[in-house]
Amino acid sequence: MDTTKTVSVVMCTYNGERYVREQLDSIVAQTYPVAEIIIQDDCSTDSTPAICREYAARYPAIRFYRNERNVGFNLNFRRAAMRAKGDYVAFSDQDDVWMAHKIERQVAAIGTHDICFSTHLRGVDPLHAHVVSPQYALPALLFVGFAGHTMLLRREFVQNQEYWIDHIIYDWSLAICAQLHGGIVMVDEPLNWHRDNADSACHVMMAELGRQQPQKPTYQPYLQGFGNYRRLQQKPNWKALYTYIYFHTKEPRFSLAHRMSRYMLSQRLSSLFKLCWLCMRHRHTVYYKKNVSGLRGLVRGFFYPFIFSYNNVQYDLE
């Protein structure tokens, strides 16, 4: 195994005392040597800082920082990433568990790409988890990104401030910008277990915004989708994101994303219809589910802008 490339792990913490030990144990046990582990705490009120200091005392590679005020997970990851000194940077949530060969597999696969990510397990425990394998082509990334905790990134890329689009969830922004520049490669193997729990940043954000959705929505996305889509179009973050994408996709290789971003900026009903048509036509690339075949796949593909808009909180960051 070639270990000449150095890796920095960036973990952001906030009230994670229940799980952070297990995650840190899985990081220090990696088969690929980790040069440094940067932990940046966002003003936890539990014993998380004490646990992290304990680990920093045991492992010289760990560097612990604590913010003077709470800045939120998005800005916390951004600031912490700028501290990294390794050739590659891997993001870590505080409540996951990494497979021992996660970093080794990703370093071997990244090549000249800006990001290497992998599929992952998600569930309340590993035995009852399912595999998450998201779409990552640029047209799919117009709607949703993939998890930062699965990413390994080149340091020169992740420390370029331009790629952290303001008020957009950090991993989504980085994925979009990677596809616009050096590209993305995927390891089609689950390399970490993402714990499904009510304390996660995603669940907390949904709860704070009052946007909890039914466990298994059926008709709701189709019934409420149009109104939600129109509501999202009025948000400044929506306009800023798709304007950015529109002006950065003028090359012929980005033609589909260019057209779709133009339609998403337009208020015309005809533009929405064209967007739905493109989503249906390119559903195998755009729609995040694998079951896109048959009549059901056609319907889901066409109404994907509505499905995506249902209870969407991606544009609510301040």
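Before reading on, note that the structure itself is shown above.
Before we move on, can you summarise the packing of aromatic side chains with the specific residues and values?
Taken as a whole, this structure holds 25 aromatic pairs when the rule is applied. With 4.5 Å between their ring centres and 20° between their planes, Phe77 and Tyr170 make a pair best called stacked. Placement of Phe77 in helix α3 (residues 73–81) and of Tyr170 in helix α7 (residues 170–180) is noted, with a sequence separation of 93 residues between them. With respect to burial, Phe77 and Tyr170 carry one shared label: buried. Taken together, the ring pairs connect Phe143, Trp172, Tyr229, Trp238, Tyr242, Tyr287, Tyr304, Phe308 and Tyr315 into an aromatic cluster.

Go over unusual backbone geometry, please, and point to the residues and values.
Despite not being glycine, Cys43 shows a phi value in the positive range, around 65°. Non-glycine residue His167 carries a positive phi angle of around 65°. Mapped onto the elements, His167 comes out in the loop between α6 (155–158) and α7.

Break down the packing of helix α12 (residues 269–281) against helix α14 (residues 294–302) for me, with residues and values.
The relative placement of two packed helices comes down to the angle between their axes together with the axis-to-axis distance. Where α12 meets α14, the closest approach of the two axes is 7 Å, and the angle between their N-to-C directions is 140°. Looking at the two axes, α12 sits oblique to α14. Relative to α14, the crossing made by α12 is right-handed. Seen from α12, the contacting residues are Phe273, Cys276, Trp277, Cys279 and Met280; seen from α14, they are Leu298, Gly301 and Phe302.

Can you tell me about helix α1 (residues 20–28), naming the residues and giving the values?
The complete set of buried residues in α1 reads Val20, Gln23, Leu24, Ser26 and Ile27. Each buried residue of α1 sits inside an arc of 160° when the element is viewed along its axis, so together they form one side. Contacts from the buried residues of α1 go to β1 (7–13), β2 (36–41), α2 (48–58), β4 (88–92) and β5 (97–98).

I'd love a proper account of a positive patch on the surface, names of residues and values included.
Taken together, Arg259, Arg262, Arg268, Lys274 and Arg281 make up a surface patch of like positive charges. When you line up the elements, Arg281 lands in helix α12. A residue is classified by how much of its surface remains accessible, and Arg281, at 56% relative accessible area, is exposed.

Report on the sheet that holds strand β3 (residues 62–66), specifying residues and quantitative values.
One open sheet accounts for 7 strands, arranged β3-β2-β1-β4-β9-β6-β10; its pairing is mixed. The open sheet has two free edges, formed respectively by β3 and β10 (184–187), since each of these has just one partner strand. Each neighbouring strand pair of the sheet contributes to a mean axis angle of 20°, computed without reference to strand direction. Pairing of β1 with β4 involves 5 bridges; the strand directions are parallel. Note that in β4 the partner of Met11 across the bridge is Ser92. On the sheet, α1 packs against β1, β2 and β4 and is oriented at approximately 180° with respect to β1.

Definitions and limits used
- Sequence order sets the numbering: in each chain, residues are counted from 1 along the sequence as written.
- In keeping with the predicted nature of the model, local features appear solely for residues at pLDDT of at least 70, side-chain atom pairs appear and are counted solely at 80 or more, and the whole-chain, interface and lining totals rest on all residues.
- No hydrogens and no water enter the side-chain calculation; it runs on all heavy atoms of the structure.
- Only the six-membered ring of Trp is used, alongside the rings of Phe and Tyr, when aromatic pairs are assigned; centres must lie within 6.5 Å, and planes under 30 degrees apart are stacked while those over 60 apart are edge-to-face, with the rest tilted.
- Strands here mean DSSP runs of E at least two residues long; helices mean DSSP runs of H or I at least four residues long; both are numbered from the N terminus.
- Exposure categories follow from relative accessible area, calculated using a 1.4 Å probe and restricted to protein chains: below 20% of the type maximum is buried, above 50% is exposed, and the middle band is partly exposed.
- Axis lines are fitted through C-alpha atoms, for helices just across the contact stretch, and the angle between N-to-C directions can take any value from 0 to 180 degrees.
- In these notes the angle categories are as follows: under 35 degrees is roughly parallel, over 145 is roughly antiparallel, 65 to 115 is roughly perpendicular, and the rest is oblique.
- For a crossing to be left-handed, the near helix must be turned anticlockwise from the far one by less than a right angle; the clockwise case is right-handed.
- Any two residues whose heavy atoms approach within 4.5 Å at even a single point are treated as in contact.
- Our arc is simply the arc of the directions from the helix axis toward the C-beta atoms.
- Patch membership is restricted to residues that have no salt bridge and whose relative accessible area is over 30%. Joining uses 9 Å for like charges and 5 Å for the nonpolar side chains Val, Leu, Ile, Met, Phe, Trp and Tyr.
- Where accessible areas are quoted, they stem from the Shrake-Rupley method and a 1.4 Å probe; at the residue level, only the protein chains shown are allowed to cover.
- The working definition used for a salt bridge is a side-chain nitrogen of Lys or Arg within 4 Å of a carboxyl oxygen of Asp or Glu.
- Working convention for charge: Lys and Arg count positive, Asp and Glu count negative, and His plus the chain ends are omitted.
- To locate a charge, take atom NZ for lysine, CZ for arginine, CG for aspartate or CD for glutamate.
- Think of it this way: DSSP has to see at least two bridges between two strands before they count as a pair.

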